[in-house]
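Survey of secondary and tertiary structure
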Amino acid sequence: MRLKESGRRGLGLGLAAALAMALCGCGGSGERTQGAVQMIGELNYEGALEQLELAEENGENMRLVDRARGIAYMGLTDYEQAAVCFEEALGGSDGLVQDVDFDLNLYLAAAYTKSERYSEAEDIYDAVLALRPGEKDAYFLRGNVRMVQGNYEGAKEDFDKVVSMDPKNYDRLIEIYQVLDYFDYGETGREYLQTALASGDKDMDKYASGRIHYYLGEYQSAYLDLEEAREKGGVESYLYLGKSYEATGDYNYASNVYNSYLEKNEGNAEIYNQLGLCEMAKGEYRKALDAFQAGMQLQNVTMMQTLSFNEIVAYEYLGDYRQASILMENYLKNYPDDAQAKREYEFLSTR
């Protein structure tokens, strides 16, 4: 049974960028709407929708109410309903293009993308870029939906544009690589990364170069750079450092990296997940289970699905098929679209 990693790939990257504004305040929002936005930040989407019902009853700004509703539905993975909310918010425009209209269009395009309405999403990005040709995120996101529609050349043009506009944004450069790699154009993605390393940019820190080396498969160079970067204490530094050691097969040291972060900082779901994966690779299934469950106990966990699935895998490896089957049944109620989990449930039902 294949475990789930916490890496973000493919179109999910585009969605993450589009939703980066989710918690940004909008001028003119009422008290109930502001409360709903705070609940969204706490991942309490159902509570947010209840607050927005009250906001509507109180006569608060309906464009902002519908915007917040759409974001809440996105959090609930109800992308079709989210699209309806964003469309209604856009329909409330007075005809003058404002910042909130661009914001809403990016959300709507993200909802269309998650609903596999790719051509409609691309049309929105076309419209946004026609009015705001400097919107780097829109170029990147349009590149995403062009890739999924098989338009590699068009996507490449968009990615080239993004890199030319912001050549030192190494986070975005890595995201471009991940998207291209997801669609089997990894070699093209590697060219972007290699060009960045060869540029001799003095502003490129060890964290950036370490991650680039990691994606190029140069793991020793990666962990040497990231050993220096982890002194900054950022969770991502520890994650990439640990993953670099994992890639060389040194799971013991990788586990030490993750544990050293947890000893110095508050718990982190991704760290716990990677620690669990390391322990699984070492055959330490009870320790792996403890790590996955520790991650699940954290508040506002955004990767509960991954941790829940891996918890089930750990029980299976421990030979506790009954508990694994019970948890899998509940898992499928929460995540009914997981084809891998459905296959595994069939297997567990025979044990």
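Read on for a plain summary of the structure.

Turning our attention to the packing of helix α3 (residues 45-57) against helix α4 (residues 62-75). Following both chains from N to C, one finds α3 and α4 inclined at 165 degrees, their axes separated by 9 Å at the closest point. With respect to each other, α3 and α4 are oriented roughly antiparallel. Crossing of α3 against α4: the hand is left-handed. In contact with Tyr 45, Leu 49, Leu 52, Glu 53, Ala 55 and Glu 56 of α3, α4 contributes Met 62, Val 65, Ala 68, Arg 69, Ala 72, Tyr 73 and Gly 75. Of the residues assigned to the contact of α3 with α4, the class counts are 9 nonpolar, 1 polar and 3 charged.

Before going further, it helps to spend a moment on the pattern of salt bridges. Enumeration according to the criterion identifies 23 salt bridges in this entry. Between Glu 122 and Arg 146 there is a salt bridge, and its shortest N-O distance comes to 3.1 Å. Taken together, the residues Glu 122 in helix α7 (residues 118-131) and Arg 146 in helix α8 (residues 136-148) connect sequence positions 24 residues apart. No difference in accessibility class separates Glu 122 from Arg 146, as the two residues are buried. Across the pair Arg 142 and Asp 126 runs a salt bridge whose closest N-O atoms are separated by 2.8 Å. With a gap of 16 residues between them, Arg 142 in helix α8 and Asp 126 in helix α7 connect regions that are remote in the sequence. Judged by relative accessible area, which is 11%, Arg 142 ranks as buried. Because the salt bridges share partners, they merge into one network encompassing Glu 122, Asp 126, Arg 142, Arg 146 and Asp 158.

Bringing the nonpolar core into the picture now. In terms of nonpolar packing, the biggest core is built from 82 residues, with Phe 86, Tyr 125, Met 147, Phe 159, Leu 193 and Ile 212 touching the most fellow members. Here this core takes 10 residues from helix α6 (residues 99-114), the largest share from any one element. Dropping the residues within four chain positions of it, Leu 193 is found in contact with Leu 173, Ile 174, Tyr 177, Ile 212, Tyr 215 and Leu 216. Ranked by size, the runner-up nonpolar core spans 21 residues in total, among them Ala 288, Ile 312, Ala 324 and Leu 332.

With that settled, the discussion passes to α3. The end-to-end C-alpha distance of α3, which contains 13 residues, comes to 19 Å, matching closely the 18 Å that a straight helix rising 1.5 Å per residue would cover. For α3, the complete set of buried residues consists of Tyr 45, Gly 47, Ala 48, Leu 49, Gln 51, Leu 52 and Ala 55. Elements that come into contact with the buried residues of α3 comprise α2 (31-41) and α4. Regarding α3, its N-cap is Asn 44, as a side-chain oxygen of that residue lies 3.0 Å from the backbone nitrogen of Gly 47 further along. Immediately beyond the C-terminal end of α3, within one or two residues, lies Gly 59, with a positive phi of roughly 75 degrees.

Before going further, it helps to spend a moment on unusual backbone geometry. Phi at Glu 116 takes a positive value of approximately 65 degrees, unusual for a residue other than glycine. Note that Glu 116 resides in the loop between α6 and α7. Here Asp 184, not a glycine, exhibits a phi torsion of approximately 70 degrees, which is positive. Take Asp 184: it is sitting in the loop between α10 (170-182) and α11 (186-198). Exposure remark for Asp 184: the relative accessible area of 71% places this residue in the exposed category.

Procedures and definitions
- Residues numbered from 1 in each chain as written.
- Predicted model: local features only at pLDDT ≥ 70, side-chain atom pairs only at ≥ 80, totals over all residues.
- Heavy atoms only, no water.
- Axes fitted to C-alpha atoms, helices over the stretch in contact; angles between N-to-C directions.
- Helix = DSSP H or I, 4+ residues; strand = E, 2+ residues; numbered from the N terminus.
- Parallel < 35°, antiparallel > 145°, perpendicular 65-115°, else oblique.
- Left-handed = near helix turned anticlockwise from the far one by under 90°.
- Contact = heavy atoms within 4.5 Å.
- Nonpolar A, V, L, I, M, F, W, Y, C, P; charged D, E, K, R; others polar.
- Salt bridge = Lys/Arg side-chain N within 4 Å of Asp/Glu carboxyl O.
- Buried < 20%, exposed > 50% of the residue type's maximum accessible area, 1.4 Å probe, protein only.
- Core = buried A, V, L, I, M, F, W, Y, C linked by side-chain atoms within 4.5 Å.
- Expected span 1.5 Å × (residues − 1).
- Polar contact = N/O pair within 3.5 Å; in protein donor to acceptor, adjacent residues only side chain to side chain.

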